[in-house]
Amino acid sequence: MSEHKPKTMGQQLGRRSWAEPWKIKMVEPIRMISRSEREKAIQEAGYNTFLLRSEDVYIDLLTDSGTSAMSDRQWAGLMLGDEAYAGSRNFYHLEEMVQRYYGYKYLVPTHQGRGAEHLISQSVIKQGQYIPGNMYFTTTRLHQEIAGGTFVDVIIDEAHDPYNEHPFKGNIDLAKLEALIDRVGAENIAFVSLAGTVNMAGGQPVSMANVKALRALCDRYGIKIYLDATRMAENSFFIQEREEGYADKPIAEILKEFCGYTDGAWMSAKKDNLVNIGGWVAVNDEKLFDKLRNMVVIYEGLHTYGGMAGRDMEALAIGISEMVEDDHIASRVNQVRYLGDLLMAWNIPVVRPIGGHAVFLDARGFYPHIPQDQFPAQMLAAQLYVDSGVRAMERGIVSAGRDPQTGDHRYPKLELVRLTISRRVYTQAHMDVTAESVMAVYDSRQQTRGLRMVYEPEYLRFFQARFEPL
Ligand code: F0G
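Residues numbered from 1 in each chain as written. Predicted model: local features only at pLDDT ≥ 70, side-chain atom pairs only at ≥ 80, totals over all residues. Heavy atoms only, no water.

1. Brief notes about the packing of helix 5 (residues 113–124) against helix 6 (residues 138–146)
Formally: Note on geometry: axes are C-alpha line fits, over the in-contact stretch for helices, and angles between N-to-C directions span 0 to 180 degrees. Numbering of helices and strands runs from the N terminus, with a helix taken as a DSSP run of H or I at least four residues long and a strand as a DSSP run of E at least two residues long. What sets the label is the angle itself: under 35 degrees gives roughly parallel, over 145 gives roughly antiparallel, 65 to 115 gives roughly perpendicular, and the rest give oblique. For any pair of crossing helices, the crossing counts as left-handed if the nearer helix is rotated counterclockwise from the farther one by less than a right angle, and right-handed if it is rotated clockwise. Residue contacts follow a heavy-atom distance rule, with two residues in contact if any of their heavy atoms lie within 4.5 Å.
Contact geometry for helix 5 and helix 6: axes closest at 9 Å, N-to-C directions at 30°. In terms of their interaxial angle, helix 5 and helix 6 are classed as roughly parallel. Of the two elements, helix 5 crosses helix 6, and the hand of that crossing is right-handed. Across the interface between the two elements, Arg114, Glu117, His118, Ser121 and Gln122 of helix 5 pack against Thr139, Thr140, His143, Gln144 and Ile146 of helix 6.

Okay, here's the thing in structure tokens:
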């Protein structure tokens, strides 16, 4: 009998689609300016997409930072702001949400992630110490260096190969870490700087098995682990999807288990936490908390607001509870994957597997004829903007900056352009338009030449550097 049953439409198509667990209540108009206007705009911006005006951008994939759409509940939360200088009730709500979902005991709010990085770096790094981590992040490493430390990359080798399909390319190579400990001594390691997911590697996750093994290793040497939790909800999704034993566990449970292997975390709330501004640092050690809480009043604000308005903390507290909903995080990561799958189907060189927050184009695959010190990824981002008004970001030699010892460029293995997807902002049609523009730029790749840097700021040069075509 059953073999005569007609196939459902889904079976005939061989697929079953997912959809966003929300509908749109308010819209923000966007427009595409003409090609000649775009050419003028990118020239005036010194071929740096950070220097474009947002009004001249059609689809903005510069970053997922602070660009999320808030929910109706978060907007309602803004009206409940308690703007008391001290002891705002929104702070206590935020503290409760961080304790409940991340599991750390003590919370210090900051204005955004780098505020938190500053506090923790200054509090725990002693001059001359090393900070091993799973690939650098721009602001994180700079704060560690300013505090007198040296960052050492101990990520697995697979992470530096854009085409390696390892499911947990964010993992720490424990042998590399142990070799560093042997070489410099455990007392000269400030802490392990662990990020989930790894932004510069393509939004790649760390497995639960890896953090467990890391904990065991660090316990043997008495080394602390601090987590960059900026995109840890996305990391938890990959654990649920790929790691044995986690398929039936909710995101919230996975997140808390993972954080439980670490001693504290810093956070850019502008990503996972679904707000436009905010950050925090949270730890389990009371003495360290004391230090952080004392320091926050110098640089950020009182310890019950840390640079945020009461209303911002309320939206953030609500954002944390929405972040851990399984269908939210699944649709968020699957939208990124939708764009990545389109590009892979067209044989466009992208970092694999597709990560949690962005699709990364491999600029070396586009422009093998442009040497790295002629900034191929910078040029690719500019070309994409000129083609369609889509704004992306360079994540290659410009972002990597200069070696503080030698003054020479750092030459990262990955020379990438990041198409970063904001949370709950764009539709699948925007992804289609983006993919087709990438295809057009890929088709014209042979004619493209490199760039020359004509202005270079001292710190985090990618934000403000200027270029001219060769
Ligand atoms: N850590 C990670 C992993 C980040 O991606 C960022 C910011 C920060 C820390 C710093 O946080 O911006 O709130 O001060 N990343 C943004 C990006 C800028 O576009 O990837 P922040």
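There's more to say after this.
2. Looking at the site of the ligand
For clarity, the cut-off: Proximity criterion: a residue is near a molecule or strand once any of its heavy atoms comes within 4 Å of it. Counting of polar contacts relies on pairs of N or O atoms within 3.5 Å, with two restrictions inside protein: one atom must be capable of donating a hydrogen and the other of accepting it, and residues adjacent in sequence are counted only when both atoms are side-chain atoms. Here the Shrake-Rupley method, with its probe set to 1.4 Å, supplies the accessible areas, and only the displayed protein chains count as covering residues. Put simply, Ala, Val, Leu, Ile, Met, Phe, Trp, Tyr, Cys and Pro go in the nonpolar bin, Asp, Glu, Lys and Arg in the charged bin, and everything else, Gly too, in the polar bin.
Neighbouring the ligand are 17 residues, the closest being Thr63, Arg114, Asp228, Ser268 and Lys271. Threonine 63 places a polar side-chain atom, nitrogen or oxygen, 2.7 Å from an oxygen atom of the ligand. Between the ligand and glycine 113, the relevant distance is 2.8 Å, taken from an oxygen atom to a main-chain nitrogen or oxygen of the residue. Coverage of the ligand by the protein amounts to 96% of the 470 Å² it exposes when considered alone. The element best represented in the shell around the ligand is helix 5, accounting for three residues. Residue composition of the shell around the ligand, by class: two nonpolar, eight polar and seven charged.

3. Focus: the side chain of arginine 423
By the element assignment, arginine 423 lies in the loop between strand 12 (416–420) and helix 17 (428–443). Engagement of the side chain of arginine 423 in a polar contact is seen with the side chain of aspartate 64, the distance being 2.9 Å. Reaching out from arginine 423, the side chain makes a polar contact with the side chain of glutamate 234 at a distance of 2.9 Å. Apart from residues no more than four positions distant in its own chain, arginine 423 is found in contact with Asp64, Ser68, Ala69, Arg231, Glu234, Lys270, Lys271, Asp272, Leu274 and Arg332.

4. Things to note about the side chain of glutamine 129
The cut-off we apply is this: Using a 1.4 Å probe on the protein chains alone, a residue whose accessible area is under 20% of its type maximum counts as buried, one over 50% counts as exposed, and one in between counts as partly exposed.
Mapped onto the elements, glutamine 129 comes out in the loop between helix 5 and strand 3 (130–133). On the accessibility criterion, glutamine 129 (6% relative accessible area) is buried. One polar contact links the side chain of glutamine 129 to the main-chain amide nitrogen of lysine 126, over a distance of 2.8 Å.

5. Considerations on a nonpolar patch on the surface
Here is the rule: Patches were defined on residues exceeding 30% relative accessible area and lacking a salt bridge, with like-charge contacts within 9 Å and nonpolar side-chain contacts (Val, Leu, Ile, Met, Phe, Trp, Tyr) within 5 Å. Any carboxyl oxygen of Asp or Glu within 4 Å of a side-chain nitrogen of Lys or Arg constitutes a salt bridge here.
Together, Val297, Ile298 and Tyr299 line one region of the surface with nonpolar side chains, adding up to about 320 Å² of accessible area. As for its placement among the helices and strands, isoleucine 298 is situated in helix 11 (residues 286–299). Residue classification places isoleucine 298 among the exposed positions, given a relative accessible area of 61%.

6. A look at the packing of helix 7 (residues 174–184) against helix 8 (residues 208–221)
One way to put it is that helix 7 packs onto helix 8 with a least axis distance of 11 Å and a crossing angle of 10°. Judged by the inter-axis angle, helix 7 sits roughly parallel to helix 8. In this structure, the crossing between helix 7 and helix 8 has a hand that is right-handed. Touching Leu174, Leu177, Glu178, Ile181 and Asp182 of helix 7 are Ala213, Leu214, Leu217, Arg220 and Tyr221, all from helix 8. A class-by-class count of the residues in the contact of helix 7 with helix 8 yields seven nonpolar, no polar and three charged.

7. Quick word on unusual backbone geometry
Following glycine 196, the chain continues to threonine 197 via a peptide bond in cis, the omega torsion being -10°. With respect to the element layout, threonine 197 can be found in the loop between strand 5 (192–195) and helix 8. Note that the residue after arginine 352, namely proline 353, is joined by a cis bond; omega there is -15°. Here proline 353 lies in the loop between helix 13 (326–345) and strand 9 (358–362). Positive phi outside glycine occurs at tyrosine 47, with the angle close to 55°. Mapped onto the fold, tyrosine 47 is located in the loop between helix 2 (35–44) and strand 1 (59–60).

8. Quick look at the nonpolar core
Under the convention used in this document: To form a nonpolar core, buried Ala, Val, Leu, Ile, Met, Phe, Trp, Tyr and Cys residues must be joined to one another through side-chain atoms within 4.5 Å.
By size, the foremost hydrophobic cluster in this structure holds 62 residues, and its most contacted members are Leu94, Tyr102, Leu194, Leu227, Phe258, Trp280 and Ile320. If you tally residues by element for this core, the top one is helix 12 (residues 310–323), at six residues. Not counting residues up to four positions away in its chain, the partners in contact with tyrosine 102 are Met97, Ala229, Leu255, Lys256, Cys259, Met267, Asn273, Trp280, Ile320 and Met323. Within the second largest apolar cluster, 31 residues are counted, among which are Val359, Ile370, Val417 and Ile421.

9. Some points on the domain arrangement of the chain
We apply this condition: Residue ranges for the domains trace back to a domain assignment, done automatically or taken from a database. Summed over both partners, the accessible surface that disappears when two parts come together, traced with a 1.4 Å probe, is what is meant by buried area.
When its domains are assigned, the chain resolves into domain 1 (2–60 + 326–469) and domain 2 (72–323). Its C-alpha centre places domain 1 at a distance of 25 Å from the equivalent point of domain 2. Facing the 37 residues of domain 1 at the interface are 42 residues of domain 2. Taken over both partners, the interface formed by domain 1 and domain 2 buries close to 3100 Å², and the fraction arising from carbon and sulfur atoms is 56%. Taken together, the links from domain 1 to domain 2 amount to seven salt bridges. Two residues, arginine 410 and glutamate 145, come together in a salt bridge whose shortest N-O distance is 2.9 Å. Contributing elements (two or more residues each) for the side of domain 1 that touches domain 2: helix 13, strand 9, helix 16 (397–400) and strand 12. No other element matches helix 13, which puts eight residues into the side of domain 1 that touches domain 2. Among the residues forming the side of domain 1 that touches domain 2, the class breakdown is 18 nonpolar, seven polar and 12 charged.

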